[in-house]
Amino acid sequence: MDNLLGVVEICIRAPECCCLTDLSKTFSHSIVGRKEEIKALATYLHKLKSPNSDTRESVLYWCNAVRIFPTTSMSENTNMEQLSIPEFYKGRSVFITGATGFMGKVLVEKLLRSCPDIERIYLLMRPSKGQSVECRLQDLINNQIFDAVRKEQLNVMAKLTAVTGDVTLPGFGLSVSDMHLLIENVSIVFNSAATIKFNEELKDAIEMNVKGPMQLLNICRQMKRLEAFVHVSTAFNNLDREEMKEQVYRSKVDPVKLIQLLDCLDDNVVKKIAPELIGNCPNTYTYTKALAEQLLEEQCGNVPLAIVRPSIVTAALKEPIPGWVDNYNGATGTIAAVGKGFFRIMKINAELVSDIIPVDYPINLMIAAAWHLAIRRPNEVPVYSCTTGHRNPLTWGGLKRFTVDSWLKYPTKDMMWYPSAFYTINDVWFKANQALFHTIPAHLFDMFYTLTGKRSRWVRMYAKATLAFSSLEFFTTHQWRFISNNPIRLLEEMSNQDKKTFYFDVREIDWKSYFETYIQGARRYVLKDDHSTLPLARRNLNRLYMARMFLRLLFFFSVFTVLLRTFKPFLLPAICLQTAIFLLAEFLSV
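Residues numbered from 1 in each chain as written. Predicted model: local features only at pLDDT ≥ 70, side-chain atom pairs only at ≥ 80, totals over all residues. Heavy atoms only, no water.

The protein has the name Fatty acyl-CoA reductase in an unreviewed UniProt entry, where Daphnia magna is given as its organism. Quoted straight from UniProt, the Function (unreviewed entry) entry for the protein says "Catalyzes the reduction of fatty acyl-CoA to fatty alcohols." (UniProt positions renumbered as here; feature names shortened; annotations may be inferred.)

In structure tokens form, the structure reads like this:
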């Protein structure tokens, strides 16, 4: 701060001496390579009439807005650069939105465990489903992912403080006292709150994914100790491009004017024009995430901002618990359905890159990005693509192979059918197989349930599952190249110990091993299938395998009989044809 004030004093008191040479002698470490910015600053200061306190404040704001100077002295910067990540977080307080979500929970646990001297973590929460904020906080604290850190650090959960608010309300609807707490104490902000529904109405998606981050930005501007604001976006925005670099792209529409327009329109009108507005974007989620990035970068001003873009977030590789996942969202729901034998036909191009990322990787990257943002104070808004396709690609075909192999090794006890998966991108073939292996069995099951006095449910369940997967088809039949260089550069600036503690080098992921961990996690935490049931599950798997082979043999001999009667003079060709059909069926595993 003294450094910046010194420049201000020289320029105000002796504007005629505000040449680059004079400034360089006194503050060379601040202005190297910034000639044009210094000239602009000198011109601006020359127009000021008096060096009163108001003028000084306006100058400080202006200088920070264009990011010309650091706001700490050289000695303070040197000391900051020597801090490890845990040392940086020592004595600092953090504010997190979306803390009750999948990524939010992992972030809270990681900060408590790996940054033990962190001062306090403020969590934005809103009352939900008849639960008060206090009850929701207690539910979070009681989550099994915190068991280890509770044993390691007594009373560590006392560092968590819930503040009542809602990201869709002005000022998050925070009380005066809660707002004061955040403004006075918070140094680092993580924004992971968002609606992840692909089919969300455009107005609702903008309210949560665009207006929410802007509300948070306004709060950040008031924070007296703020050093880093990390916004969680998604790699899947600007999908009209085949290659996405680590930069914020401009949309054709002015986001501010768009928001103003939508606020004036009736909901029904917005629904009608939404497809035209989102254009080539597959859904409102990716569209609004791109808008939020653009607005944040344009309006962040003196707020130190970084953007992290994870791809498809999946179960943990190592932390907080290997394989931990707590929802059916994204890939996990489909993988669980395959394991139960419920879902077997999918519209996927097996040759394309899937680009999934274990949840602990973006979380570690977020924590490290905040550290780097605070100690380096970059002039640009850094964007981190937390993806695997660029550095460690896995195709959808490889994903299917590892998934099915892992389910056969660690089956769940309640299977409808032998786990298998079949991919196709042909619409006719897809619909035919969907009818044969999903729709018809569902109706037969419901008919049996009705005859036995039970409630029919299978047709409804398959319709719901099909609708859910259809929203993913755009991503499973297209491919993009997400350039991911900034995480590697960040790793190079971290100490060896920090690299081990806050790992996010995707090049080290062994996909076969990861999927065995993933499947065991999905089995335990999503399907609620305890490890003790594994022997029973394997017996059930063997029975289903025998049933599948019996039906295939029955099909084989039925077709063979028809062929024999039809092509009796050509018995050998008929046998060869039938054998080919049987081998094809075995290969398709349906």
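Next comes the rest of the account.
Strand order in this open sheet of 7 strands is β3-β2-β1-β4-β5-β7-β11, and the pairing throughout is parallel. A single partner strand is all that each edge strand has here, and the edge strands are β3 (160-164) and β11 (383-386). With direction set aside, neighbouring strand axes in the sheet form an average angle of 20°. Relative to strand β5 (residues 228-232), strand β4 (residues 186-191) runs parallel, the two being bridged by 4 bridges. (Pairing = 2+ DSSP bridges. Helix = DSSP H or I, 4+ residues; strand = E, 2+ residues; numbered from the N terminus. Axes fitted to C-alpha atoms, helices over the stretch in contact; angles between N-to-C directions.)

Membership of the largest hydrophobic core comes to 111 residues, with the highest contact counts inside it found for Tyr 89, Ile 96, Leu 111, Leu 123, Phe 190 and Phe 515. Phe 515 has contacts with Ile 335, Ile 356, Leu 394, Leu 399, Phe 402, Thr 403 and Ser 406, leaving out every residue within four places of it along the chain. (Core = buried A, V, L, I, M, F, W, Y, C linked by side-chain atoms within 4.5 Å. Buried < 20%, exposed > 50% of the residue type's maximum accessible area, 1.4 Å probe, protein only. Contact = heavy atoms within 4.5 Å.)

Attention now goes to the pattern of salt bridges. Counted under the stated rule, the structure contains 22 salt bridges. A salt bridge links Arg 376 to Glu 493; its shortest N-O distance comes to 2.8 Å. Remark: Glu 493 occurs in the loop between α21 (486-492) and α22 (496-501) and Arg 376 occurs in helix α16 (residues 360-376); sequence separation between them is 117 residues. On the accessibility criterion, Arg 376 (36% relative accessible area) is partly exposed. Here Glu 516 and Lys 409 are joined by a salt bridge, their closest N and O atoms 3.3 Å apart. Separated by 107 residues along the polypeptide, Glu 516 in helix α23 (residues 511-526) and Lys 409 in helix α17 (residues 396-409) bring together distant segments of the chain. (Salt bridge = Lys/Arg side-chain N within 4 Å of Asp/Glu carboxyl O.)

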